[in-house]
Amino acid sequence: MEDRVSISISDGIADVRLVRADKMNALDAAMFEALVAATARLSNEKGLRVVVLSGEGRAFCAGLDMGRFAAMKEKGGNGVPGGENRDLTARTHGKANFAQQAVWGWRQLPVPVIAAVHGVAFGGGFQLALGADMRFLSPEARMSIMEIKWGLVPDMAGTPILASLVRDDILRELTYTGRIFSAQEAQSYGLATRICDDPRATAFEVAREIAGKSPDAIRAAKRMLNNLSVDPGPALLAESVEQQKLIGSANQTESVRANLDKRAPKFVDVG
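What comes next is a walk through the structure. As the structure is a computational prediction, the values presented were derived from the model and not from experiment. (Residues numbered from 1 in each chain as written. Predicted model: local features only at pLDDT ≥ 70, side-chain atom pairs only at ≥ 80, totals over all residues. Heavy atoms only, no water.)

Next up on the list: unusual backbone geometry. A positive phi angle, near 55°, is found at Asp11, a position not held by glycine. One can find Asp11 in the loop between strand E1 (5-10) and strand E2 (13-18). One non-glycine residue with positive phi stands out, namely Ala157, at about 80°. Look at Ala157 and you get buried, because its relative accessible area is 0%. (Helix = DSSP H or I, 4+ residues; strand = E, 2+ residues; numbered from the N terminus. Buried < 20%, exposed > 50% of the residue type's maximum accessible area, 1.4 Å probe, protein only.)

What follows is the structure, encoded as structure tokens:
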């Protein structure tokens, strides 16, 4: 875990860092395992009051590791860490599957989570930021619901979270196009809590403020606010069902191959 995610705790504040800086903190099998393990550990951490989640190096998280797409180009499969035959519809963590838990686990933690985002947060990296209670972005940060580029849909718990944050038409446009958008656009859409010159430093300022409040009241507030949302179960399952239909299909494989070959895709008509 330590070669993908580091955790240090001081004065009730957990400093959680993605440390795969040489790969822009991309999501490989080990990173998924580390993220799920991190939330499992923190959920049982006594005295925990706040979590700050950030990435080392040039980016918060660049999304799914390109090596997975290269494997999909050559051999097909689903690109999901842990094996080519993983059943995405299996609920391995309550209402979530394994990949969803890498994001949903932060929403489930009993204390607030602040994501400090710089560089890029693409695809699964963007969904990871969505798992936090708040998102502090650097002015140059860029984001994308990039799954459509690879012939996929977002399936790491981002869909039910996004539905509670942005207008339906904005969500559809970003999902259908995979367009990269700026921190300023993210704030206008309701996806950025703040834009800060140093989002990590600002996140720790806010974390210290929260840590100074009654821990009972803070945890009660998070439970209360989480319960305002509609039951995420059907949306989480729908993500998995739709992704399961897509992975390995002719058009999904063609999306991967065309992008890696830097050419226009040649899709087969459906419907």
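Next up on the list: the nonpolar core. Judged by nonpolar contacts, the single largest core of 54 residues is most densely connected at Val16, Leu35, Leu42, Val51, Trp106, Phe126 and Leu191. Looking at which element gives the most residues to this core, the answer is helix H1 (residues 29-43), with seven residues. Sequence-distant contacts of Leu191, that is, excluding residues within four places in its chain, are made with Phe126, Leu130, Arg135, Leu162, Leu165, Val166, Phe181 and Ala186. (Core = buried A, V, L, I, M, F, W, Y, C linked by side-chain atoms within 4.5 Å. Contact = heavy atoms within 4.5 Å.)

What the six strands build is an open sheet, ordered E1-E2-E3-E4-E6-E9; its pairing is mixed. A strand with exactly one partner marks an edge of an open sheet, and here the two such strands are E1 and strand E9 (194-195). Note: E2 against strand E3 (residues 50-55), six bridges, orientation parallel. Paired with Ile13 across the strands is Val50, a residue of E3. Sitting on the sheet, H1 touches E1, E2 and E3, and the angle it makes with E1 is about 20°. (Pairing = 2+ DSSP bridges. Axes fitted to C-alpha atoms, helices over the stretch in contact; angles between N-to-C directions.)

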